[in-house]
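Structural characterization, general
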Amino acid sequence: MNWLERDQNSIWHPFTQLLNGFEHIMVEKAEGMYLHTPDGRKIMDAISSWWVNLHGHSHPKIAEAVAKQASNLEHVIFAGFTHSPAIELAEKLLSILPKNQSKIFYSDNGSTANEVALKMAFQYWYNKGEKKRKKVIAFEGAYHGDTFGAMSVGDRGPFSAPFSPYLFEVEFLPMPTAENHSELLNKFEKILHLGEVAAFIFEPLVLGSAGMKMYDASFLDQLIEMAQKVDVICIADEVFTGFGRTAKNFASDYLNHKPDILCLSKGLTGGTMALGVTSCTEAIMEAYKSTDIMKTFFHGHSFTANPIACAASIASFDLLVNEDTQSKIQEIGEWQTEFYHKISQHPKVQNARVLGTIFAMELKTESDTSYVNEVRHKLYPFFLERDILLRPLGNVIYILPPYIIKKEEIEKVYNAVEEMLETL
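Cut-off values and rules
- Residues numbered from 1 in each chain as written.
- Predicted model: local features only at pLDDT ≥ 70, side-chain atom pairs only at ≥ 80, totals over all residues.
- Heavy atoms only, no water.
- Phe/Tyr/Trp six-rings, centres within 6.5 Å; stacked < 30°, edge-to-face > 60°.
- Helix = DSSP H or I, 4+ residues; strand = E, 2+ residues; numbered from the N terminus.
- Buried < 20%, exposed > 50% of the residue type's maximum accessible area, 1.4 Å probe, protein only.
- Contact = heavy atoms within 4.5 Å.
- Salt bridge = Lys/Arg side-chain N within 4 Å of Asp/Glu carboxyl O.
- Core = buried A, V, L, I, M, F, W, Y, C linked by side-chain atoms within 4.5 Å.
- UniProt positions renumbered as here; feature names shortened; annotations may be inferred.
- Polar contact = N/O pair within 3.5 Å; in protein donor to acceptor, adjacent residues only side chain to side chain.
- Pairing = 2+ DSSP bridges.
- Axes fitted to C-alpha atoms, helices over the stretch in contact; angles between N-to-C directions.

- If you look the protein up in an unreviewed UniProt entry, it shows as Adenosylmethionine-8-amino-7-oxononanoate aminotransferase from Marivirga arenosa.

Things to note about the packing of aromatic side chains
- Counted according to the given criterion, the structure contains 18 aromatic pairs.
- Ring centres of Phe15 and Trp50 lie 5.6 Å apart, and the angle between their planes is 75 degrees; on these two criteria the pair is classed as edge-to-face. Here the residue Phe15 occupies a position in the loop between helix 1 (3-10) and strand 1 (29-31), and Trp50 occupies one in helix 2 (residues 48-51), the gap between them amounting to 35 residues.
- Classification of Phe15 by relative accessible area gives partly exposed; the value is 40%.

Here's the deal with unusual backbone geometry
- For Ser49, which is not glycine, the phi torsion reads 45 degrees and is therefore positive.
- As for its placement among the helices and strands, Ser49 is situated in helix 2.
- The backbone of Ala305 shows a phi angle near 55 degrees, a positive value even though the residue is not glycine.
- Secondary-structure assignment places Ala305 in the loop between helix 9 (282-286) and helix 10 (307-321).

What to know about the environment of Ala309
- Within the secondary structure layout, Ala309 lies in helix 10.
- Judged by relative accessible area, which is 0%, Ala309 ranks as buried.
- Expressed as a C-alpha distance, the spacing of Ala309 and Ile404, which sit 95 residues apart in the sequence, is 22 Å.
- Those residues in contact with Ala309, other than ones at most four positions away along the chain, are Thr269, Met273, Ala274 and Leu275.

Here's the deal with the pattern of salt bridges
- For the structure shown, the criterion picks out 14 salt bridges.
- We note a salt bridge from Glu282 to Lys103, for which the minimum N-O separation is 3.8 Å. In this pair, Glu282 is assigned in helix 9 and Lys103 in strand 4 (residues 101-107), connecting sequence segments 179 residues apart.
- Classification of Lys103 by relative accessible area gives partly exposed; the value is 36%.

Section: the nonpolar core
- Ranked by size, the top nonpolar core spans 97 residues in total, and within it Tyr106, Phe200, Met361, Phe383, Leu390 and Met420 carry the most contacts.
- Considering every element that reaches this core, the biggest residue donor is helix 13 (residues 407-423), with 7 residues.
- Excluding anything up to four places from it in sequence, Tyr106 contacts Phe78, Ala86, Leu89, Ala90, Leu275, Gly276, Val277, Thr304, Ala305 and Cys310.
- Listed in part, the 26 residues of the second largest apolar core include Ala121, Ile201, Ile233 and Ile284.

Notes on the UniProt feature "modified residue: N6-(pyridoxal phosphate)lysine" (unreviewed entry) in the protein
- The sites that carry the UniProt feature "modified residue: N6-(pyridoxal phosphate)lysine" (unreviewed entry) are, in the present numbering, Lys266.
- Relative to the helices and strands, Lys266 is located in the loop between strand 11 (261-264) and strand 12 (276-281).
- Once you skip the residues sitting within four places of it in the chain, Lys266 turns out to touch Trp50, Trp51, Val52, Val239, Phe240 and Gly271.
- Of the polar contacts made by the side chain of Lys266, one reaches the backbone oxygen of Trp50; its length is 3.2 Å.

Some thoughts on the sheet that holds strand 13 (residues 349-355)
- The 3 strands lie next to each other as 13-14-16, forming an open sheet whose pairing is antiparallel. Of all strands in the sheet, those with a lone pairing partner are strand 13 and strand 16 (396-399), marking the two edges. Neighbour-to-neighbour, the strand axes of the sheet open up by a mean angle of 15 degrees, direction not taken into account.
- In the sheet, strand 13 pairs with strand 14 (residues 358-363) via 5 bridges, with the strands oriented antiparallel. In the strand pairing of strand 14, Arg353 is matched with Ala360.
- Sitting on the sheet, helix 13 touches strand 13, strand 14 and strand 16, and the angle it makes with strand 14 is about 5 degrees.

This is the structure in structure tokens:
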């Protein structure tokens, strides 16, 4: 039995049809920009393996940190114990997070980071005896993860349809645009003045899984200001946008009004392994400071603050803040902007956009723009045949490379996109 048969017999892959799905590709090694297959192919990873990889695959400094930590302390229960990697990472993160952030809570991934944030906000009001504060406001089309709280505040579409009877009620706002600005603000204000809102959760500036939809920071600033005036807790889901993707350390750095809670994952470990972080202000913490045991935040995971994952994150952090990486982030942003200006007027392209290292565009089709647009089934193999990993979101093509990509490598991606426009 070959590896493909073994895979098909034993593994259920994510976001993959069990019938009529694409054949999986075996990767035996990854290095830098490339995924190496047993038959000698080198596939360029132009989407950072689901947006997690910041510094290229198998980065020697991160690998060295992981190996060193694994031989010293692989894991310890984080209730009642602590360790240096968790402390050092928390201190480093707080040094670049918005200045209002005070504490770090560890979990396992982006979905759990958002789950923690929601529970933290709900219990904040519970601890304060505010029984009316049960509503959450979120954006239509949002994606915050696949656990139940995260699904509840995400898009109510085909992905969540089987679970809709079990999701809690959420007030959804349309994504901000120049056209709906006044209408959105009026709706937001009406919901806020009910006095029942516990939290407002959002992906700042870019709704990633919704199709890399981008909106203006000034709109979000207004919404946060309005929410915080009536003490609504503002939660920024920076799982995707964190760690330089928008050209700043965090998308929240574009805002004058800072969120009360931030959620981090993906690039946190440089794409090496799973780790989640939820940070919060001192004001959030105050509601939990009590001798009453029932005001404790009873939340935790078996692998909370795993020392190996923390060590990988420390190494990734040090690479991120390095002057060379910061310069490269700006350079990638310039390349993406140049390509945006070149491609945005193409007759087969609509709504091209760029923010920092993120480029996205929509391919004009007979169907509406959506994740389930059938053209995706032509686009994905088109690029793979050219040894480039781009995973379109329906008819939305995006380019999101690690920070080590070279000019000639990103030009190969751009050329493939232009070829696609002339071929398909």
